[in-house]
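# Structure assessment
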Amino acid sequence: MKRQLLTTKQAAEVMGVSYRHVQELIHEADVSKQSRWQFGREIINLSPKTALRRTLRININAIIPVQ
């Protein structure tokens, strides 16, 4: 299975939700262990530990199954 990584804006477009909604899901994953989204499964962090800003990508195959 090929992993497709999207930006938060691209993921919002594919899922048909707002960019803000995707940002809230990422924030929830940061603060809650009971989040529906998890780092490593839906959210891929591409930033080094020393980065001031994170580069996140969304694994679209974890959200919308390939048919």
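Whatever comes next refers back to the structure up there.
Let me begin by describing the structure that accompanies this report. (Residues numbered from 1 in each chain as written. Predicted model: local features only at pLDDT ≥ 70, side-chain atom pairs only at ≥ 80, totals over all residues. Heavy atoms only, no water.)

## Considering the nonpolar core
Counting residues in hydrophobic clusters, the biggest one holds 12 residues: L6, A11, A12, V22, L25, I26, A29, W37, I43, L56, I58 and I60. Secondary structure elements with two or more residues in this core: α1 (8–15), α2 (19–31) and β3 (56–59). It is α2 that contributes the most residues to this core, 4 residues altogether. The contacts of W37, once residues within four sequence positions are left out, are M15, V22, L25, I26, A29, E42, I43, I58 and I63. (Core = buried A, V, L, I, M, F, W, Y, C linked by side-chain atoms within 4.5 Å. Buried < 20%, exposed > 50% of the residue type's maximum accessible area, 1.4 Å probe, protein only. Helix = DSSP H or I, 4+ residues; strand = E, 2+ residues; numbered from the N terminus. Contact = heavy atoms within 4.5 Å.)

## Describing the sheet that holds β3
Within the open sheet, the 3 strands sit side by side as β1-β3-β2. Their pairing is antiparallel. Looking at which strands have only one partner, the edges of the open sheet turn out to be β1 (5–6) and β2 (43–45). With 2 bridges joining them, β1 and β3 adopt antiparallel strand pairing. Counted as the bridge partner of L6 is I58 from β3. (Pairing = 2+ DSSP bridges.)

## A few points about the packing of aromatic side chains
Remark: the centre distance and the inter-plane angle together describe each pair of aromatic rings, the angle taken between the planes. On inspection of all chains with the given rule, the structure shows 0 aromatic pairs. Note that K9 overlies the ring of Y19, its terminal NZ or CZ placed 5.9 Å from the centroid. (Phe/Tyr/Trp six-rings, centres within 6.5 Å; stacked < 30°, edge-to-face > 60°. Lys NZ or Arg CZ within 6 Å of the ring centre and 35° of its normal.)

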